Structure formats: C-alpha cells, structure tokens
Amino acid sequence: ATADAWWRGAVIYQVYPRSFADADGDGTGDLAGVRSRLGYLRELGVDALWFNPWYPSPMADGGYDVADYRDVDPMFGTLADAEKLIAEALDLGMRTIVDIVPNHVSADHPWFCEALAAGPGSRARELFWFRPGRGDQGELPPTNWPSQFGGPAWTRTTEPDGSPGEWYLNLFDSRQPDLNWGHPAVRREHEEVLRFWFDRGAAGVRVDSAALLTKDPALPDLPERGEPDAHPYVDRDDLHEIYRSWRAVADGYPGERILVGEVWTPDPERFARYLRPDEMHTAFNFGFLCCPWEPERLRACVDTTLAAHRPVGAPATWVLCNHDVTRTATRYGRTETGFDFATKAHGIPTDLELGTRRARAAALLTLALPGSVYLYQGEELGLPEAEDIPADRRQDPMYLRTNGANPGRDGCRVPMPWSGTRPPYGFGPEGGAEPWLPQPGDWAGRTAEAQSGDPDSMLELYRAALRLRRREPALGDGPLTWLDAEPGVLAFHRDASFACVVNLAPLPVRLPAYRERLLASGPLDGERLPPDTAVWLRT
Ligand code: TEU
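Residues numbered from 1 in each chain as written. Predicted model: local features only at pLDDT ≥ 70, side-chain atom pairs only at ≥ 80, totals over all residues.

S.K.: Even after reading the chapter, I still don't get the overall build of the protein chain, so can you show me in this structure?
M.R.: Scanning the protein chain from N- to C-terminus turns up 13 helices and 18 strands. Relative to the 2.2 N^0.38 estimate, which gives 24 Å for 539 residues, the radius of gyration of the protein chain is 23 Å and therefore close to what a compact globule would have. Reported as C-alpha extents along the three principal axes, the dimensions of the protein chain are approximately 80 × 55 × 50 Å. Across the 539 residues of the protein chain, 49% fall into the buried class. (Helix = DSSP H or I, 4+ residues; strand = E, 2+ residues; numbered from the N terminus. Rg over C-alpha atoms; globule rule 2.2 N^0.38 Å. Buried ≥ 20, exposed ≤ 12 C-beta atoms within 10 Å, placed from the backbone.)

S.K.: Explanation requested: the nonpolar core in the structure shown.
M.R.: Nonpolar side chains tend to gather and get buried jointly when the protein is soluble and globular. Leu49, Ile97, Leu364 and Cys500 are the most contacted members of the largest nonpolar core, which totals 144 residues. With eight residues, helix α10 (residues 352–368) is the single largest residue contributor to this core. (Core = buried A, V, L, I, M, F, W, Y, C linked by C-beta atoms within 7 Å.)

S.K.: Can you walk me through the sheet that holds strand β2 (residues 48–51) in this structure?
M.R.: Sheet strands pair by backbone hydrogen bonding; their relative direction is either parallel or antiparallel. Reading across from one edge, β9-β8-β7-β3-β2-β1-β11-β10 is the order of the eight strands in this open sheet, with parallel pairing throughout. A single partner strand is all that each edge strand has here, and the edge strands are β9 (282–283) and β10 (317–319). (Pairing = 2+ DSSP bridges.)

S.K.: In this structure, what is going on with the sheet that holds strand β13 (residues 489–495)? I would like to understand it.
M.R.: The five strands are arranged β12-β13-β14-β18-β16 in an open sheet whose pairing can be described as antiparallel. Edge positions in the sheet fall to β12 (481–482) and β16 (516–520), since each of these pairs with one other strand and no more.

S.K.: Help me understand the domain arrangement of the protein chain in this model?
M.R.: Often, the extent of an interface is quoted as the loss of accessible area on bringing the components together. Examined at the domain level, the protein chain breaks down into domain 1 (6–103 + 184–217 + 231–451), domain 2 (110–169) and domain 3 (479–538). With 17 residues of domain 1 at the interface, the matching set in domain 3 holds 16 residues. For the side of domain 1 that touches domain 3, the secondary-structure elements that each account for two or more residues are α8 (295–309) and α10. Looking at which element gives the most residues to the side of domain 1 that touches domain 3, the answer is α10, with nine residues. Of the residues contributing to the side of domain 1 that touches domain 3, the split by class is twelve nonpolar, no polar and five charged. (Domains from an automatic or database assignment. Contact = placed C-beta atoms within 7 Å. Nonpolar A, V, L, I, M, F, W, Y, C, P; charged D, E, K, R; others polar.)

S.K.: Looking at this structure, how should I read the packing of α10 against helix α13 (residues 458–471)?
M.R.: What describes two packed helices is the angle between their axes and the distance between those same axes. Packing of α10 against α13 leaves a shortest axis separation of 11 Å and a crossing angle of 15°. Accordingly, the angle class assigned to the pair α10 and α13 is roughly parallel. Every pair of crossing elements has a handedness; the one defined by α10 and α13 is right-handed. Where α10 approaches α13, its residues Arg360, Ala363, Leu364 and Leu367 are matched on the opposing element by Met458, Leu461, Tyr462, Ala465 and Arg469. Split into classes, the residues belonging to the contact of α10 with α13 amount to seven nonpolar, no polar and two charged. (Axes fitted to C-alpha atoms, helices over the stretch in contact; angles between N-to-C directions. Parallel < 35°, antiparallel > 145°, perpendicular 65-115°, else oblique. Left-handed = near helix turned anticlockwise from the far one by under 90°.)

S.K.: For this particular structure, what's the right way to read the environment of Arg95?
M.R.: Take Arg95: it is sitting in strand β3 (residues 95–100). The exposure class assigned to Arg95 is buried, which follows from the 24 C-beta atoms found within 10 Å. Along the backbone, Arg95 and Gly138 are 43 residues apart, and their C-alpha atoms lie at a distance of 50 Å.

S.K.: So what exactly am I meant to see when it comes to unusual backbone geometry here?
M.R.: Peptide bonds are, in most cases, trans, and in most cases residues other than glycine have a negative phi. Pro424 follows Pro423 through a cis peptide bond whose omega is 5°. Inspection of the secondary structure assignment puts Pro424 in the loop between α11 (397–401) and α12 (448–451). Positioned with a positive phi, Ser209 is a non-glycine residue whose angle comes to about 50°. The topology assignment puts Ser209 in the loop between β7 (204–207) and α6 (239–251).

S.K.: Help me out: how do you make sense of α6 in this one?
M.R.: A turn of α-helix holds 3.6 residues, and therefore any two residues three or four places apart point the same way. Its 13 residues give α6 an end-to-end C-alpha distance of 19 Å, which sits within 8% of 18 Å, the value for a rise of 1.5 Å per residue. For α6, the full list of buried residues reads Leu239, Ile242, Tyr243, Trp246 and Ala250. An end-on view of α6 places all buried positions within 90° of arc, on one side of the element. Exposed residues pointing more than 90 degrees away from the buried face of α6 are listed as Glu241, Ala248 and Asp251. Of the surrounding elements, those touching the buried residues of α6 are α5 (184–199) and β8 (258–261). (Expected span 1.5 Å × (residues − 1). Arc of directions from axis to C-beta.)

S.K.: Whenever I open this one, the pairing of strand β1 (residues 11–15) confuses me. Can you help?
M.R.: Successive side chains on a regular strand alternate, one facing one side of the sheet and the next facing the other. Counting buried residues in β1 gives five out of five residues, a clear majority hidden from the surface. Residues Val11, Tyr13 and Val15 of β1 are buried on one face, and the alternating residues Ile12 and Gln14, pointing to the opposite face, are buried as well. Two elements, β1 and strand β11 (residues 372–376), share four bridges in a ladder whose sense is parallel. Counterpart to Gln14 in the pairing with β11 is Tyr376.

S.K.: Is there a simple way to explain the pairing of strand β5 (residues 154–158) in this structure?
M.R.: Where β5 and strand β6 (residues 164–169) come together, four bridges link them in antiparallel fashion. Across the sheet, the residue bridging to Thr158 is Pro164, located in β6.

Quick look at the structure:
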C-alpha cells in the first residue's frame, strides 16, 4: 500500500484486548501486554491494528457497553498507556483503529443513570428510547422487536419512586440502552469522541453496529413474517447524513483518518451506499462468513463484492473471522451440517484437519483479492473454536440471554496461546491468575512459539504471505481477472505476472503455466494442486 490511501490495500489485525496478552497477571489482557507483543505483530507484517473497545465498561458485552468513551478501563491500563501504544505501534509502522460504539451506551454511562433517576417525561430520557409499555398495566414491551442477543429488545425500568415504570429500547443486552440519534446532543457527543481519538493519534475508527443507529420514531411493530418495506431500525436512509458528518470530521485531520463500518446488510447495493466518497472509507465485507466452501458460491461472493464497490470507488475488504463468529478452521471443518458462521449450536461434528487445510487455502485466497484484509488475533495461529468452555465460565450475553441455547461467542475469544505447553501458554506470567476464559489443554502445538520457524505452520504461512503481499505490486487494491479453469477451481490474475489458484474440487488439478511458485497453502502433488489447496504463482 502506498503512503497515501494506505487503507486501500492494508492488512489490519484485530486485537481483542481482553484476550491478547496479560502483562500484570490478573487473568485479563491489557495494553501493557499488547505493547510487549508489538514486535510479534510487526514481524507478522500487518499495516494496522484495530482494537476492540478498551473503554471503561462493566463488561456486560465484552466492552461494547461503554461507560466512558474518553478513557481506558483500569483492567486494560490508562489513557496514557493507550497513547503510548498508539505511538509505539506507529513507530513500528502500524496504524491504530479504535472501536466506536455509537448505537448504545452502557447502563452505567452517566447519561443513562441520569435518565433513570430523572423519571418519565424528563429531558434526560430524550437521549434514549423510553416508552410506556402496552397492556393494562404497561406490562408488555412497546414493540415486538427482538434483541440481537435473544428476548425482547425492551427492558422495563423501576421508577425512582419504586413503581414499575417505562420501558427502554435495547437492541442488544438490557445493559446496553440504545441512544436516540434524532437528538442533536447525541450527534454532537459522538463527533467530539471521534476528535478525541483522532487527537490521540488514531488513524481510524471502526463504527460498531453502523446500520442500526437510527430508528423510525413511530416505533412500528415488525411484521409477523417476512421483511418490512421500510425497516424500523435496520439500514435506514437517514443514517447516511450521520456518516457524512463523520467523514467531514475525519477529513479535517492530516494523514487519511478512516471510518470502517460494521454494516450488516445482505444487499450489496445498500451496503455500497455507506461507501460513497463522502461517507465511510471502507466497511467489513462479511460475505465469506456466510459462504460455504464451494467454488461457485465463493466466486459469486467475490464478483458481487467487487461489482458493488466499483461504482462508489471504495476498496473491498475481506474478513474470514472476528470476535463474533465461529473460528475459521472450525467453520470450514463443519461439512455435515452445512454452514454456521455465528456459533449457533454446540457439538456439531467437525473435521478440524480438513477445516485447517481450507482455512490455509482461504488465507491465500483472501490475501490475493483486491482490497484490504482483516485478520482476527489467533487466525494466524489457526486456532479452532474453543467449544468446551464450562457453562459457569461463559460470559457472552448471547449465551446468558438464551439460557445457553446459543453457545454465544466466548469460544472465539479465548486468550491467545503464546508459548509453553499448558495454560496459560504465556498469555500471562507464571503464577498469575487463571485466564478469564479457560484455554483448551491441547493447544501446546498451536502457540506462537511452537509454530515460529516451522515452515508448515499456519503462522509461517501468514508471515510468508504478508511478506510477499508487501513486495508484490499487484497485490492490495487493483483489478482482478478470472482465468479459465477446470470445474471447482478458482483461478485469477492480479496483473499479468501474478496468479492465485485455489482448488475446491475433490481431485488434484494441473497447475496453469507459470514461471515460479511463490507460495502454496499445502504440499503440491508434482505439478498438480491437491484439493483444498491454494497457490500463488509468478506467471
Ligand atoms: O456486533 C453487531 C452485530 O450485529 C452482532 O449482533 C452480530 O450480528 C452478532 O454478534 C453475530 O454473531 C457488534 C459487535 O461486533 C459485537 O461484538 C457486539 O456485541 C455488538 O455490536 C453490540 O455492540
């Protein structure tokens, strides 16, 4: 990537601070831990780091319940630590993206505490969605909207006088009240928060739940079945004006500060609207998370993605994994039940060897596609989903609100294994507190230490791919041309001298003509590419 528009082809590494590295030995990752591992990230070869929320939070949703947008939670360190981390990462050539959570605040946020105390009809309540309930006693929620985590999207308050009172909207956990984005104070506050982090050196912000902020003030029910014509709270047209004003804030800073949106909408054209030149720079393309390991489906996903981005001039992004979904190796190993990206079931039969082979091929595929790539910590180690977390250790509200029917997202958030042969695998110091989520006992071979220097390891595959990607002018943003290939094979040129070939067919296929083999995701069979294997070629 060139210095200007660095983000168009960047590889961005997602750090989940709670689970990355625990310097002070309290069982929870911290910013000092991240700082001690910056050398590892630089050696891996990423261009930027995105940090999941590190703000003061009661952790009802892993920090996506923010009590103060301008500080760092003591469990992670101090604001000064964050500033040091941003500066040190930049010294090593890595920019920082912070996570902004505009849809809701923590129930501990001063605005919400004030709203609860001030009672019905107060101005403080106008910053949220307080409504009387339905039913004779107001005992029913104001609408039929579901929380994304299960149960209704409304919580009833107890008024200051002790009586059961109004309900407030929470599209996620009841500890995450939704803000009223129709209120000018909400808009002003978030623009200031953006400036706060840009002033501290952040090169970008990730916009959490970016398609959910605005609501139809009439609060209509959702239809019993099917999709509403105009959705009361997903992907509404009045969102765009908000992101235009944010873009203006970002553009007021030197050095290309970016907005990256978490935009969950299945319609690629609606998605691209967030990426118009005066809105966000990029948004996560979750296409591969929802796509099984099938050649036609993957190719269609690539084509649809590129076609949607082209008219708005934004680079595509590629995501194989994040802190909300089943880890890649496990996902691709679930052959019998089809595809399940969002950890919605326990105990699905999984062929982890197959899943790992596919995850390796998928890594070379995504890193060769046009645009930027997001890696989630542990993806470079090939970590599988940790499925055996005891019930009493699970913390995800998705698990708690469904009484365990949905195992939730803890399994992809288990602390990183760095070294050694048993927990905590170097996550924290010897003799420190037990990691906040238990690590599997069989991860000795998956630590960064064990993989480092092993040419067959996932870590060395990622290192080699990222090294090549930095050198290779054709990689990053730019054109893609499909090559004729046998059924089940995805093959494309980036420029005339670089090709990527992925075999998704059940039998080995012959490689196309090439001058040099640059990198393969697994052993080749002479001049043939085995199933579930990808190769980068100099052509
Ligand atoms: O996720 C938003 C979101 O849409 C999730 O509900 C997503 O659909 C689900 O996690 C898929 O399994 C963001 C954050 O990434 C997530 O961690 C937070 O819990 C959520 O917002 C609330 O802030």
